[in-house]
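# Residue-level structure breakdown
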Amino acid sequence: MFRAAQRDVGTKTTGSERCREDVTVVGATSQMKITIISIIFLSALACTKPSTESKDIQAASSLFPSEIVNFVSYKDNSVFKGTGSNTTWDENIRERGFILREEDGYHLWYTGYREGKDAEMHLGYATSPDGISWTRYKDNPIFDESWVEDVMVIKSGSLYYMFAEGRNDVAHMLTSADKIHWKDHGSLQIRYTNGQPLSEGPYGTPTVWIENGTWHLFYERNDCAIWLATSKDLQVWTNVQDEPVLRKGPEAYDKFGVAVNQVIKHQGSYYAYYHGTAFKDGRVWSTHVAV
């Protein structure tokens, strides 16, 4: 049995965001599955038979090449954080931000907020020549017309597309021609495979992958599992299957919640970097990968 390499990514709000077991799904034939394989590091090799361990390590290495799973923490972390001052709009940084690398450097979008019970989420922007030294945009926040958090950005043609959570963890889409001025196109319209609208409730942490003219949307519901929907026109998204493509657990590290951060393609396989929690109250989340 393999276990996933983990990296703490911090705390996440509990309560309405926590996973419920009563999420409504409609049964369908599986068309796509993401297999969870994880990597084990043993401190006591005597606990496992050498032959079995060798096969396990070889299997993990072939599915998860070193260059996509082995990371070394930068000695001067953190490289970007909230101001810590309640006189600024981004005293704290909320959950998932997103970095896009282009020819002129690195571009970061992040959600900032002030400490408080009724904190409003606003969108900030920063740039870096090297991914380490960051400069906040002088006119931050760049968008405050609606609630924006858990963002990811992808470029297609001349436009940048941002997929984010809105209020009550409902995903929405924004577009921009310059990375700074954004137009909100409203909540994503997701359908079951039979064309019926998704049942009421949150559908958040949207992550998008484009391939052969089709947009693929990975989303979670109450952090219980990950579903996949596709679209050709960005108006309506239809589930590939009504069962999740990635579930929480059964291992301890993501037993109580999962949410995808980014999908990449490497050596012919698709990898989903995601965060999961081993705690029922979601007080700590860590980073994982599925293939």
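All of these numbers come straight from a predicted model, not from anything done at the bench.

### Overview of the sheet that holds strand β8 (residues 159-165)
Here 4 strands make up an open sheet; going across it, the order is β7-β8-β9-β10 and the pairing antiparallel. Both edges of this open sheet fall to β7 (149-156) and β10 (183-187), since each of them pairs with a single strand only. Looking at each pair of strands side by side, their axes are set apart by 20° on average, direction ignored. Bridge count for β7 against β8 is 6 bridges, and the pairing is antiparallel. Following the sheet pairing, K155 is matched in β8 by Y160.

### Quick look at the confidence of the model for the protein chain
Scored by pLDDT, the protein chain comes out at a mean of 85, with 79% of its residues at no less than 70. Below pLDDT 50 for its whole length, residues 1-9 participates in 42 contacts with residues either more than four positions away or in separate chains. Low pLDDT, under 50, characterises residues 13-18; the predicted model gives this stretch 19 contacts beyond four residues in sequence or across chains.

### Considering the pattern of salt bridges
Counted under the stated rule, the structure contains 9 salt bridges. A salt bridge links D90 to R136, with the nearest nitrogen and oxygen atoms 2.9 Å apart. Here D90 is found in the loop between α2 (66-69) and β2 (92-93), whereas its partner R136 is found in strand β6 (residues 135-136), with 46 residues between them in sequence. D90 sits in the buried class, given a relative accessible area of 3%. Residue R136 is classed as partly exposed on the basis of its relative accessible area, which comes to 31%. Through salt bridges that share partners, R94, E95 and E149 make up one connected network.

### Overview of the packing of aromatic side chains
One pass over the full model with this rule turns up 12 aromatic pairs. Summarising the aromatic geometry, the rings of Y161 and W215 are spaced 4.9 Å apart at their centres and angled 65° between planes, so their arrangement reads as edge-to-face. Here Y161, found in strand β8, pairs with W215, found in strand β13 (residues 214-220); they are 54 residues apart in sequence, far enough to count as distant. A single burial state applies to Y161 and to W215, both of which are buried.

### Details of the pairing of strand β9 (residues 171-176)
Counted residue by residue, β9 has 6 buried out of 6 residues, so it is predominantly covered. A two-sided burial pattern is seen for β9, the buried positions comprising A171, M173 and T175 on one face and H172, L174 and S176 on the other. Two elements, β8 and β9, share 6 bridges in a ladder whose sense is antiparallel. By the bridge assignment for β9, F163 is matched with M173.

### Thoughts on the side chain of T175
Along the chain, T175 falls in strand β9. Given the relative accessible area of 11%, T175 is considered buried. A distance of 2.7 Å separates the side chain of T175 from the side chain of H185, its partner in a polar contact. Setting aside residues up to four positions removed in sequence, T175 forms contacts with Y160, Y161, H181, W182, K183 and H185.

### What about the environment of I264?
Looking at where I264 falls in the secondary structure, it is placed in strand β17 (residues 258-266). Its relative accessible area of 23% is what places I264 among the partly exposed residues. Those residues in contact with I264, other than ones at most four positions away along the chain, are W209, S269, Y270, Y271 and Y273.

### A word on the nonpolar core
The biggest cluster of nonpolar side chains holds 37 residues, and the ones touching the most others in it are W109, M162, F163 and W182. Those elements giving two or more residues to this core turn out to be β3 (98-102), β5 (122-128), β7, β8, β9, β13 and β14 (225-231). Not counting residues up to four positions away in its chain, the partners in contact with W182 are W109, L123, I142, F143, V153, Y160, Y161, M162, L174, T175 and S176. The next biggest cluster of nonpolar side chains, apart from the first, holds 14 residues, and it includes F218, Y253, Y274 and A290.

### Topic: unusual backbone geometry
Omega for the peptide link from N77 to S78 comes to 0°, which places this bond in the cis form. For S78, the position within the fold is in the loop between α2 and β2. Cis peptide bonds are those with omega within 30 degrees of zero, and the linkage from N140 to P141 qualifies with -5°. Within the secondary structure, P141 sits in the loop between β6 and β7. The backbone phi angle of T205 is positive, close to 45°, even though this residue is not glycine.

### As for a nonpolar patch on the surface
The grouping of Y74, V79 and I132 at the surface amounts to a nonpolar patch, some 210 Å² of accessible area in total. The topology assignment puts V79 in the loop between α2 and β2. Judged by relative accessible area, which is 33%, V79 ranks as partly exposed.

Basis of the calculations
- Residues numbered from 1 in each chain as written.
- Predicted model: local features only at pLDDT ≥ 70, side-chain atom pairs only at ≥ 80, totals over all residues.
- Heavy atoms only, no water.
- Pairing = 2+ DSSP bridges.
- Helix = DSSP H or I, 4+ residues; strand = E, 2+ residues; numbered from the N terminus.
- Axes fitted to C-alpha atoms, helices over the stretch in contact; angles between N-to-C directions.
- pLDDT = per-residue confidence, 0-100.
- Contact = heavy atoms within 4.5 Å.
- Salt bridge = Lys/Arg side-chain N within 4 Å of Asp/Glu carboxyl O.
- Buried < 20%, exposed > 50% of the residue type's maximum accessible area, 1.4 Å probe, protein only.
- Phe/Tyr/Trp six-rings, centres within 6.5 Å; stacked < 30°, edge-to-face > 60°.
- Polar contact = N/O pair within 3.5 Å; in protein donor to acceptor, adjacent residues only side chain to side chain.
- Core = buried A, V, L, I, M, F, W, Y, C linked by side-chain atoms within 4.5 Å.
- Patch = residues over 30% accessible without salt bridge, like charges linked within 9 Å, V, L, I, M, F, W, Y side chains within 5 Å.
- Areas by Shrake-Rupley, 256 points an atom, 1.4 Å probe, with all protein chains shown as cover.

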